[in-house]
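Residue-level structure breakdown
In case you want the letters, here they are:
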Amino acid sequence: MNLLKTGDLLFVRTDNTDALSRQIAAATQITTTERTMNYTHVGFLEEATANCFWVMHASPRKGCCREALADFLQENQTGVDAYRLRGQQIDYTAVAQRARQLLGSPYNFSFIADQPGYYCSEFICTIFKQAKLFKSIPMQFGPDKQILPAWQDYYQQLKLSVPVGQFGSSPNSLIAQTFPQHLKFIARIV
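Description of the structure in this document. (Residues numbered from 1 in each chain as written. Predicted model: local features only at pLDDT ≥ 70, side-chain atom pairs only at ≥ 80, totals over all residues. Heavy atoms only, no water.)

**Quick word on the nonpolar core**
Applied cut-off: The term nonpolar core refers to a set of buried residues drawn from Ala, Val, Leu, Ile, Met, Phe, Trp, Tyr and Cys, joined through side-chain atoms within 4.5 Å. With a 1.4 Å probe rolled over the protein chains alone, any residue whose accessible area is under 20% of its type maximum counts as buried; one over 50% counts as exposed, and the rest are partly exposed. Counting from the N terminus, the helices are DSSP H or I runs at least four residues long and the strands are E runs at least two residues long. Whether two residues touch is decided by their heavy atoms; if any such pair falls within 4.5 Å, the residues are in contact.
Counting residues in hydrophobic clusters, the biggest one holds 39 residues, and the most contacted among them are Phe-44, Phe-123, Ile-124 and Phe-128. If you list the elements that add at least two residues to this core, you get strand E1 (9-13), strand E4 (39-49), strand E5 (52-59), strand E7 (80-85), helix H3 (92-102), helix H4 (120-127), helix H5 (149-158) and helix H6 (171-178). Once residues within four sequence positions are removed from consideration, Ile-124 is found in contact with Leu-9, Val-42, Gly-43, Phe-44, Phe-134 and Leu-174. Listed in part, the 11 residues of the second largest apolar core include Phe-53, Val-55, Phe-72 and Val-80.

And the structure:
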């Protein structure tokens, strides 16, 4: 893992076995001339000591947490790709400190900004807010401004309206905004 360092973003490829991952993938996949991006989760990497890595992220099962890289990779066997921000003057120590301040917060299952907690890409946007790299975009819950039935069912269970058009983010929108000018692919880890 010598090629990884603090500040790298770990993007998890689509997990077809998890219903929420399938829904995120179906609603947010982005295709560009260079590639198709279909990530469903993202975390922030911190190197605590030489080759001792931690991942801070917002997880549906754990809320905002910090876990060993090995555990994160074990949970995300579908594949993890590492990316690094470039061309930016970012104080990654300060970013890691902001991430640690969010630890213990709940997961935001509604994906609505004014609801308690954080979802994974919201967590990343929040900790990098001072860098002004990531912008919220109108959320979509299906292709061509459609709302997929699975999302209608999901929000019905939450007793909320589908927040289509409200501002938010997804792992794929973070990449689409920054790749390749500000974000560089480093390695496929798993």
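Let's pick the thread back up.
**As for H3**
Because an α-helix packs 3.6 residues into every turn, residues spaced three or four apart end up facing the same way. Stated formally: Under the rule applied, a polar contact is a pair of N or O atoms within 3.5 Å (in protein, one hydrogen donor and one hydrogen acceptor; residues adjacent in sequence only if both atoms are side-chain atoms).
Among the residues of H3, Tyr-92, Ala-94, Val-95, Ala-96, Arg-98, Ala-99 and Leu-102 are the ones counted as buried. On its buried side, H3 packs onto E4, E5, strand E6 (63-68), E7 and H4. Put simply, Asp-91 is the residue that caps the front of H3, since its side-chain oxygen is 3.1 Å from the backbone nitrogen of Thr-93. Following H3 by one or two positions, Gly-104 adopts a phi angle in the positive range, close to 95 degrees.

**Observations regarding unusual backbone geometry**
For Asn-51, which is not glycine, the phi dihedral falls at a positive 60 degrees. Considering the arrangement of structural elements, one finds Asn-51 in the loop between E4 and E5. One non-glycine residue, Lys-159, lies in the positive phi region at around 60 degrees. As for its position among the elements, Lys-159 is in the loop between H5 and strand E9 (167-168). We classify Lys-159 as exposed; its relative accessible area is 74%.

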